[in-house]
Amino acid sequence: MQKTSIRRADGRELIYYDSRAGRPRTERDQRPLAPVATTAEVRADRLLGDRVAIASHRQARTYHPAADACPLCPSSPAAARYGEIPAADYEVVVFENRFPSLAGEFGRCEVVCFTADHDASFADLSEARAGLVLDAWTDRTAELSQLPAVEQVFCFENRGAEIGVTLGHPHGQIYAYPFVTPRTTRMLESLAAHRTATGGRNLFDDVVADELADGRRTVLLAEHWTAFVPYAAHWPYEVHLYPRRRVPDLRELGEEARAEFPAVYLELLRRFDRIFGPDEPPTPYVSAWHQAPLSAPDRADFALHLELFTIRRTAGKLKFLAGSESGMNVFINDVPPEAAARRLREVAST
(Lines give C-alpha, C1' and ligand atoms only; values in the text may rest on other atoms or scores of the structure.)
Protein backbone atom coordinates (compact mmCIF):
# COMPACT_ATOMS: atom_id res chain seq x y z
CA MET A 1 0.00 0.00 0.00
CA GLN A 2 1.18 3.53 -0.82
CA LYS A 3 0.06 6.35 1.46
CA THR A 4 0.41 9.97 0.31
CA SER A 5 -0.59 12.89 2.54
CA ILE A 6 -1.16 16.40 1.18
CA ARG A 7 -2.74 19.59 2.50
CA ARG A 8 -5.85 21.26 1.11
CA ALA A 9 -5.92 24.98 0.36
CA ASP A 10 -7.61 25.58 3.73
CA GLY A 11 -5.04 23.51 5.68
CA ARG A 12 -7.01 20.27 6.02
CA GLU A 13 -5.20 16.98 5.53
CA LEU A 14 -6.05 14.66 2.62
CA ILE A 15 -4.54 11.17 2.27
CA TYR A 16 -4.45 8.97 -0.82
CA TYR A 17 -4.31 5.20 -0.28
CA ASP A 18 -3.13 3.35 -3.39
CA SER A 19 -2.86 -0.41 -3.76
CA ARG A 20 0.58 -0.17 -5.40
CA ALA A 21 3.59 2.01 -4.75
CA GLY A 22 5.02 4.31 -7.39
CA ARG A 23 1.92 6.32 -8.23
CA PRO A 24 2.80 10.02 -8.07
CA ARG A 25 0.31 12.21 -6.23
CA THR A 26 1.37 15.71 -7.20
CA GLU A 27 -2.07 17.34 -7.59
CA ARG A 28 -2.67 20.37 -5.39
CA ASP A 29 -5.83 22.16 -4.34
CA GLN A 30 -6.08 25.38 -6.35
CA ARG A 31 -9.19 26.76 -4.67
CA PRO A 32 -8.98 30.09 -2.79
CA LEU A 33 -10.28 28.61 0.45
CA ALA A 34 -10.13 30.32 3.83
CA PRO A 35 -9.09 28.21 6.85
CA VAL A 36 -11.95 26.09 8.21
CA ALA A 37 -13.73 27.79 11.12
CA THR A 38 -15.81 25.60 13.43
CA THR A 39 -18.04 26.12 16.44
CA ALA A 40 -17.65 22.54 17.64
CA GLU A 41 -17.83 21.93 21.38
CA VAL A 42 -18.81 19.03 23.62
CA ARG A 43 -21.27 19.47 26.47
CA ALA A 44 -22.21 17.04 29.25
CA ASP A 45 -25.81 16.04 29.95
CA ARG A 46 -26.00 16.29 33.74
CA LEU A 47 -28.96 13.91 34.03
CA LEU A 48 -27.75 11.10 31.77
CA GLY A 49 -24.00 11.58 31.88
CA ASP A 50 -23.89 11.57 28.07
CA ARG A 51 -21.84 13.91 25.91
CA VAL A 52 -23.47 16.00 23.18
CA ALA A 53 -21.54 17.63 20.33
CA ILE A 54 -22.79 21.14 19.52
CA ALA A 55 -21.75 22.12 15.98
CA SER A 56 -23.87 24.91 14.53
CA HIS A 57 -21.48 25.47 11.59
CA ARG A 58 -22.72 22.17 10.11
CA GLN A 59 -25.97 23.85 9.09
CA ALA A 60 -24.06 25.13 6.03
CA ARG A 61 -22.78 21.70 4.91
CA THR A 62 -23.35 20.40 1.39
CA TYR A 63 -26.85 18.95 1.06
CA HIS A 64 -27.88 16.56 -1.75
CA PRO A 65 -25.89 18.19 -4.58
CA ALA A 66 -26.54 17.26 -8.19
CA ALA A 67 -24.43 14.33 -9.42
CA ASP A 68 -22.32 16.66 -11.57
CA ALA A 69 -21.59 18.81 -8.51
CA CYS A 70 -20.55 16.00 -6.15
CA PRO A 71 -17.60 17.12 -3.97
CA LEU A 72 -16.36 13.54 -3.59
CA CYS A 73 -15.94 12.77 -7.28
CA PRO A 74 -12.51 13.07 -8.93
CA SER A 75 -11.64 16.61 -9.93
CA SER A 76 -12.18 18.01 -13.40
CA PRO A 77 -12.08 21.58 -14.72
CA ALA A 78 -15.84 21.82 -14.14
CA ALA A 79 -15.54 20.52 -10.56
CA ALA A 80 -12.57 22.65 -9.55
CA ARG A 81 -14.52 25.06 -7.38
CA TYR A 82 -16.39 22.50 -5.25
CA GLY A 83 -14.36 19.27 -5.49
CA GLU A 84 -12.76 17.99 -2.29
CA ILE A 85 -10.31 15.67 -4.07
CA PRO A 86 -7.86 17.34 -6.50
CA ALA A 87 -6.88 14.12 -8.32
CA ALA A 88 -8.41 13.10 -11.66
CA ASP A 89 -8.75 9.57 -10.28
CA TYR A 90 -8.20 7.74 -7.00
CA GLU A 91 -8.65 4.40 -5.23
CA VAL A 92 -9.32 5.26 -1.55
CA VAL A 93 -9.08 8.76 -0.09
CA VAL A 94 -9.41 10.02 3.48
CA PHE A 95 -9.65 13.71 4.33
CA GLU A 96 -10.58 15.95 7.22
CA ASN A 97 -14.25 16.85 7.10
CA ARG A 98 -14.93 20.43 6.01
CA PHE A 99 -17.94 20.53 8.35
CA PRO A 100 -16.78 18.45 11.34
CA SER A 101 -18.93 17.56 14.34
CA LEU A 102 -15.72 17.31 16.38
CA ALA A 103 -12.57 19.39 15.90
CA GLY A 104 -9.45 20.59 17.69
CA GLU A 105 -9.52 19.83 21.40
CA PHE A 106 -12.86 18.10 20.85
CA GLY A 107 -11.52 15.39 18.50
CA ARG A 108 -11.51 15.00 14.74
CA CYS A 109 -13.85 13.94 11.92
CA GLU A 110 -12.72 12.42 8.63
CA VAL A 111 -14.40 11.33 5.39
CA VAL A 112 -13.43 8.03 3.71
CA CYS A 113 -14.13 7.74 -0.04
CA PHE A 114 -14.22 4.09 -1.09
CA THR A 115 -14.12 4.59 -4.86
CA ALA A 116 -14.07 7.29 -7.53
CA ASP A 117 -17.22 5.78 -9.08
CA HIS A 118 -20.12 8.01 -8.03
CA ASP A 119 -22.79 5.42 -8.86
CA ALA A 120 -21.19 2.46 -7.08
CA SER A 121 -21.64 1.24 -3.51
CA PHE A 122 -19.36 -0.63 -1.11
CA ALA A 123 -21.02 -3.86 -2.21
CA ASP A 124 -19.81 -3.20 -5.77
CA LEU A 125 -16.13 -3.06 -4.75
CA SER A 126 -13.66 -5.78 -5.61
CA GLU A 127 -12.17 -7.78 -2.74
CA ALA A 128 -8.86 -6.02 -3.36
CA ARG A 129 -10.48 -2.59 -3.00
CA ALA A 130 -12.40 -3.64 0.12
CA GLY A 131 -9.08 -4.82 1.55
CA LEU A 132 -7.56 -1.41 0.81
CA VAL A 133 -10.43 0.25 2.67
CA LEU A 134 -9.72 -2.03 5.64
CA ASP A 135 -6.07 -0.95 5.46
CA ALA A 136 -7.16 2.70 5.48
CA TRP A 137 -9.47 2.17 8.48
CA THR A 138 -6.63 0.46 10.33
CA ASP A 139 -4.10 3.14 9.47
CA ARG A 140 -6.44 5.94 10.52
CA THR A 141 -7.23 4.13 13.79
CA ALA A 142 -3.50 3.98 14.51
CA GLU A 143 -2.87 7.63 13.58
CA LEU A 144 -5.89 9.09 15.36
CA SER A 145 -5.18 7.06 18.48
CA GLN A 146 -1.99 9.11 18.88
CA LEU A 147 -3.82 12.44 19.12
CA PRO A 148 -3.85 13.76 22.71
CA ALA A 149 -7.55 14.62 22.67
CA VAL A 150 -8.77 11.29 21.33
CA GLU A 151 -10.27 8.58 23.53
CA GLN A 152 -12.13 6.40 21.02
CA VAL A 153 -11.99 5.89 17.23
CA PHE A 154 -15.19 5.03 15.38
CA CYS A 155 -15.16 3.98 11.69
CA PHE A 156 -18.60 3.78 10.08
CA GLU A 157 -20.69 4.09 6.93
CA ASN A 158 -24.20 5.45 6.52
CA ARG A 159 -25.72 4.33 3.20
CA GLY A 160 -28.97 5.67 1.78
CA ALA A 161 -31.05 8.83 1.92
CA GLU A 162 -33.42 7.11 4.38
CA ILE A 163 -30.54 6.96 6.88
CA GLY A 164 -29.92 10.69 6.43
CA VAL A 165 -27.02 10.60 3.98
CA THR A 166 -26.65 13.96 2.21
CA LEU A 167 -23.95 12.92 -0.30
CA GLY A 168 -24.76 10.02 -2.60
CA HIS A 169 -21.16 9.17 -3.48
CA PRO A 170 -20.04 5.95 -1.72
CA HIS A 171 -18.21 7.04 1.41
CA GLY A 172 -17.97 6.56 5.15
CA GLN A 173 -16.68 8.55 8.06
CA ILE A 174 -14.35 8.27 11.02
CA TYR A 175 -15.06 10.05 14.31
CA ALA A 176 -12.24 10.41 16.82
CA TYR A 177 -14.08 11.14 20.06
CA PRO A 178 -12.51 12.94 23.05
CA PHE A 179 -14.60 10.73 25.36
CA VAL A 180 -15.89 7.16 25.61
CA THR A 181 -19.26 6.97 23.88
CA PRO A 182 -22.37 6.05 25.92
CA ARG A 183 -22.92 2.82 23.98
CA THR A 184 -19.37 1.65 24.59
CA THR A 185 -19.59 2.64 28.25
CA ARG A 186 -22.60 0.36 28.65
CA MET A 187 -20.73 -2.49 26.95
CA LEU A 188 -17.79 -2.02 29.32
CA GLU A 189 -20.14 -2.04 32.32
CA SER A 190 -21.79 -5.26 31.10
CA LEU A 191 -18.34 -6.75 30.45
CA ALA A 192 -17.22 -6.03 34.03
CA ALA A 193 -20.47 -7.27 35.57
CA HIS A 194 -20.30 -10.54 33.61
CA ARG A 195 -16.70 -11.09 34.62
CA THR A 196 -17.63 -10.69 38.28
CA ALA A 197 -20.74 -12.86 38.05
CA THR A 198 -19.01 -15.73 36.21
CA GLY A 199 -15.69 -15.84 38.00
CA GLY A 200 -13.69 -14.21 35.22
CA ARG A 201 -15.39 -15.26 31.98
CA ASN A 202 -15.42 -12.87 29.02
CA LEU A 203 -18.84 -11.59 27.97
CA PHE A 204 -18.01 -11.20 24.27
CA ASP A 205 -16.58 -14.72 24.09
CA ASP A 206 -19.66 -16.14 25.79
CA VAL A 207 -22.08 -14.24 23.52
CA VAL A 208 -20.38 -15.56 20.38
CA ALA A 209 -20.15 -19.09 21.80
CA ASP A 210 -23.83 -19.06 22.75
CA GLU A 211 -24.88 -17.91 19.28
CA LEU A 212 -22.78 -20.61 17.65
CA ALA A 213 -24.23 -23.25 19.98
CA ASP A 214 -27.80 -22.12 19.30
CA GLY A 215 -27.31 -21.79 15.54
CA ARG A 216 -30.73 -20.35 14.69
CA ARG A 217 -29.44 -16.80 14.31
CA THR A 218 -26.15 -17.63 12.59
CA VAL A 219 -25.88 -15.92 9.21
CA LEU A 220 -22.38 -16.75 7.98
CA LEU A 221 -19.48 -18.84 9.26
CA ALA A 222 -15.98 -18.40 7.85
CA GLU A 223 -12.63 -19.66 9.03
CA HIS A 224 -11.75 -16.42 10.79
CA TRP A 225 -15.12 -14.59 11.09
CA THR A 226 -18.56 -15.26 12.56
CA ALA A 227 -21.73 -13.33 11.63
CA PHE A 228 -25.06 -13.62 13.43
CA VAL A 229 -28.25 -11.75 14.23
CA PRO A 230 -28.11 -10.99 17.98
CA TYR A 231 -30.64 -12.59 20.31
CA ALA A 232 -32.10 -9.20 21.28
CA ALA A 233 -31.64 -7.37 17.96
CA HIS A 234 -32.78 -3.76 18.09
CA TRP A 235 -33.25 -3.34 14.33
CA PRO A 236 -35.36 -5.29 11.80
CA TYR A 237 -32.29 -6.76 10.10
CA GLU A 238 -29.13 -6.51 12.19
CA VAL A 239 -25.94 -8.55 11.87
CA HIS A 240 -22.92 -8.60 14.19
CA LEU A 241 -19.60 -9.69 12.67
CA TYR A 242 -16.80 -10.90 14.97
CA PRO A 243 -13.29 -12.15 14.24
CA ARG A 244 -12.85 -15.67 15.68
CA ARG A 245 -9.83 -14.48 17.66
CA ARG A 246 -10.80 -11.69 20.05
CA VAL A 247 -8.85 -8.43 19.56
CA PRO A 248 -9.59 -4.93 20.96
CA ASP A 249 -9.31 -2.95 17.71
CA LEU A 250 -8.43 -3.03 14.02
CA ARG A 251 -4.72 -2.60 14.73
CA GLU A 252 -4.60 -6.01 16.43
CA LEU A 253 -6.48 -7.92 13.73
CA GLY A 254 -4.41 -10.88 12.48
CA GLU A 255 -3.26 -11.18 8.88
CA GLU A 256 -5.42 -14.22 8.16
CA ALA A 257 -8.56 -12.46 9.41
CA ARG A 258 -7.60 -9.34 7.43
CA ALA A 259 -7.19 -11.38 4.26
CA GLU A 260 -10.57 -13.10 4.70
CA PHE A 261 -12.55 -10.00 5.71
CA PRO A 262 -13.25 -8.53 2.22
CA ALA A 263 -15.03 -11.64 0.93
CA VAL A 264 -17.05 -12.03 4.14
CA TYR A 265 -18.07 -8.38 4.40
CA LEU A 266 -18.96 -8.00 0.72
CA GLU A 267 -21.13 -11.11 0.95
CA LEU A 268 -23.03 -9.62 3.91
CA LEU A 269 -23.59 -6.31 2.10
CA ARG A 270 -24.80 -8.08 -1.03
CA ARG A 271 -27.22 -10.16 1.02
CA PHE A 272 -28.58 -6.96 2.56
CA ASP A 273 -29.38 -5.67 -0.92
CA ARG A 274 -31.34 -8.86 -1.66
CA ILE A 275 -33.42 -9.02 1.54
CA PHE A 276 -36.52 -7.32 0.15
CA GLY A 277 -36.43 -8.63 -3.42
CA PRO A 278 -35.18 -7.41 -6.80
CA ASP A 279 -37.79 -4.66 -7.20
CA GLU A 280 -36.76 -2.77 -4.05
CA PRO A 281 -34.11 -0.03 -4.15
CA PRO A 282 -30.74 -0.68 -2.46
CA THR A 283 -31.13 -1.35 1.24
CA PRO A 284 -30.24 1.62 3.46
CA TYR A 285 -27.89 0.66 6.25
CA VAL A 286 -25.47 1.70 8.97
CA SER A 287 -22.21 -0.24 9.25
CA ALA A 288 -20.29 0.49 12.44
CA TRP A 289 -16.97 -0.77 13.83
CA HIS A 290 -16.87 -1.05 17.61
CA GLN A 291 -13.33 -0.67 18.96
CA ALA A 292 -12.01 -0.55 22.52
CA PRO A 293 -11.48 2.90 24.07
CA LEU A 294 -7.82 3.81 24.30
CA SER A 295 -7.51 4.17 28.06
CA ALA A 296 -10.07 1.62 29.28
CA PRO A 297 -8.51 -0.48 32.08
CA ASP A 298 -10.07 -3.68 30.68
CA ARG A 299 -9.24 -2.79 27.09
CA ALA A 300 -7.80 -6.22 26.30
CA ASP A 301 -11.13 -7.83 27.23
CA PHE A 302 -13.07 -5.79 24.66
CA ALA A 303 -13.93 -7.48 21.35
CA LEU A 304 -13.61 -5.66 18.07
CA HIS A 305 -16.75 -6.24 16.04
CA LEU A 306 -18.83 -4.73 13.27
CA GLU A 307 -22.56 -4.07 13.59
CA LEU A 308 -24.53 -3.82 10.34
CA PHE A 309 -28.22 -2.90 10.37
CA THR A 310 -30.99 -1.44 8.25
CA ILE A 311 -33.97 0.72 9.20
CA ARG A 312 -36.11 -0.89 6.46
CA ARG A 313 -38.43 -3.40 8.15
CA THR A 314 -40.20 -4.69 5.03
CA ALA A 315 -40.61 -3.73 1.39
CA GLY A 316 -41.50 -0.04 1.15
CA LYS A 317 -41.63 0.50 4.93
CA LEU A 318 -39.11 1.96 7.36
CA LYS A 319 -38.57 1.42 11.08
CA PHE A 320 -38.98 4.84 12.69
CA LEU A 321 -37.74 5.59 16.18
CA ALA A 322 -40.98 6.60 17.84
CA GLY A 323 -41.94 7.34 21.45
CA SER A 324 -40.56 4.25 23.17
CA GLU A 325 -37.28 4.25 21.25
CA SER A 326 -36.62 7.99 21.12
CA GLY A 327 -38.18 8.90 24.44
CA MET A 328 -37.04 5.98 26.62
CA ASN A 329 -34.45 4.11 24.52
CA VAL A 330 -36.56 0.93 24.66
CA PHE A 331 -36.56 -0.63 21.20
CA ILE A 332 -39.48 -2.57 19.75
CA ASN A 333 -38.49 -4.86 16.88
CA ASP A 334 -41.10 -6.01 14.35
CA VAL A 335 -38.92 -8.78 12.90
CA PRO A 336 -37.97 -11.78 15.11
CA PRO A 337 -34.17 -12.20 15.04
CA GLU A 338 -34.55 -15.85 14.04
CA ALA A 339 -36.68 -14.85 11.03
CA ALA A 340 -34.16 -12.16 10.05
CA ALA A 341 -31.28 -14.65 10.20
CA ARG A 342 -33.25 -17.17 8.16
CA ARG A 343 -33.91 -14.58 5.45
CA LEU A 344 -30.24 -13.55 5.37
CA ARG A 345 -29.28 -17.18 4.85
CA GLU A 346 -31.86 -17.57 2.08
CA VAL A 347 -30.36 -14.70 0.04
CA ALA A 348 -26.79 -16.02 0.19
CA SER A 349 -24.76 -15.85 -3.02
CA THR A 350 -24.82 -19.14 -4.91
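The text that follows walks through the structure, step by step, so that each part is easy to find. (Residues numbered from 1 in each chain as written. Predicted model: local features only at pLDDT ≥ 70, side-chain atom pairs only at ≥ 80, totals over all residues. Heavy atoms only, no water.)

**Overview of the pattern of salt bridges**
Here comes step 1: All told, the structure shown has 34 salt bridges when counted by the stated rule.
Here comes step 2: Glu-307 serves as the salt-bridge partner of Arg-183, at 2.8 Å between the closest nitrogen and oxygen. With a gap of 124 residues between them, Arg-183 in helix α2 (residues 182-197) and Glu-307 in strand β13 (residues 305-310) connect regions that are remote in the sequence.
Here comes step 3: By relative accessible area, Glu-307 is classed as buried at 4%.
Here comes step 4: Between Glu-338 and Arg-217 there is a salt bridge whose closest N-O contact spans 2.8 Å. Of this pair, Glu-338 sits in helix α6 (residues 337-346) while Arg-217 sits in the loop between α3 (203-214) and β9 (218-221), and the two are 121 residues apart along the sequence.
Here comes step 5: The class of Arg-217 is buried, set by a relative accessible area of 4%.
Here comes step 6: Each of the salt bridges in this network shares a partner with another, and the network as a whole consists of Lys-3, Arg-7, Glu-13, Glu-96, Arg-108, Glu-110, Asp-139, Arg-140 and Glu-143. (Salt bridge = Lys/Arg side-chain N within 4 Å of Asp/Glu carboxyl O. Helix = DSSP H or I, 4+ residues; strand = E, 2+ residues; numbered from the N terminus. Buried < 20%, exposed > 50% of the residue type's maximum accessible area, 1.4 Å probe, protein only.)

**Re α6**
Here comes step 1: Here α6 has its buried residues at Pro-337, Ala-340, Ala-341 and Leu-344. The arc that holds the buried residues of α6, viewed along the axis, is 95°, so those residues lie on one side. (Arc of directions from axis to C-beta.)

**Digging into the sheet that holds strand β2 (residues 13-18)**
Here comes step 1: Spatially, β1-β2-β5-β6-β8-β7-β12-β13-β11-β10-β9 is the arrangement adopted by the 11 strands of the open sheet, whose pairing is antiparallel. Each end of this open sheet is capped by a strand with a single partner; those strands are β1 (2-7) and β9. Averaged over neighbouring strand pairs, the angle between their axes works out to 20° when direction is ignored.
Here comes step 2: Direction of pairing for strand β11 (residues 237-243) relative to β13: antiparallel, over a ladder of 5 bridges. (Pairing = 2+ DSSP bridges. Axes fitted to C-alpha atoms, helices over the stretch in contact; angles between N-to-C directions.)

**Focus on the side chain of Asp-206**
Here comes step 1: Following the sequence through the fold, Asp-206 ends up in helix α3.
Here comes step 2: One polar contact links Asp-206 to His-194, side chain to side chain, over a distance of 2.8 Å.
Here comes step 3: Residues in contact with Asp-206, not counting those within four places in the same chain, are His-194 and Arg-201. (Polar contact = N/O pair within 3.5 Å; in protein donor to acceptor, adjacent residues only side chain to side chain. Contact = heavy atoms within 4.5 Å.)

**Considerations on the packing of aromatic side chains**
Here comes step 1: As enumerated under the stated definition, the model contains 19 aromatic pairs in all.
Here comes step 2: Relative to Trp-137, the ring of Phe-122 has its centre 6.1 Å away and its plane inclined at 15°; by these criteria the two rings are stacked. One end of the pair, Phe-122, is in the loop between β6 (108-113) and α1 (127-144); the other, Trp-137, is in helix α1, with 15 residues separating them in the sequence. Per residue, the accessibility class of Phe-122 equals that of Trp-137, and both read buried.
Here comes step 3: Across the ring face of Tyr-16, the terminal group of Arg-25 is positioned such that the distance to the ring centre comes to 4.4 Å. (Phe/Tyr/Trp six-rings, centres within 6.5 Å; stacked < 30°, edge-to-face > 60°. Lys NZ or Arg CZ within 6 Å of the ring centre and 35° of its normal.)

**Description of the pairing of strand β4 (residues 51-54)**
Here comes step 1: Pairing between strand β3 (residues 41-44) and β4: 4 bridges, direction antiparallel. Note on β4: the bridge partner recorded for Arg-43 is Val-52.
Here comes step 2: Here β3 hands over to β4 after 6 residues, with Gly-49 in that stretch at a positive phi of 80°.

**Quick notes on the environment of Trp-289**
Here comes step 1: With respect to the element layout, Trp-289 can be found in strand β12 (residues 285-290).
Here comes step 2: Accessibility expressed as a relative area gives 1% for Trp-289, which makes it buried.
Here comes step 3: The sequence separation of Trp-289 and Glu-105 amounts to 184 residues, and the corresponding C-alpha distance is 23 Å.
Here comes step 4: Those residues in contact with Trp-289 that lie beyond four places of it in its chain are Trp-137, Phe-154, Cys-155, Trp-225, Leu-250, Phe-261, Leu-304, His-305 and Leu-306.

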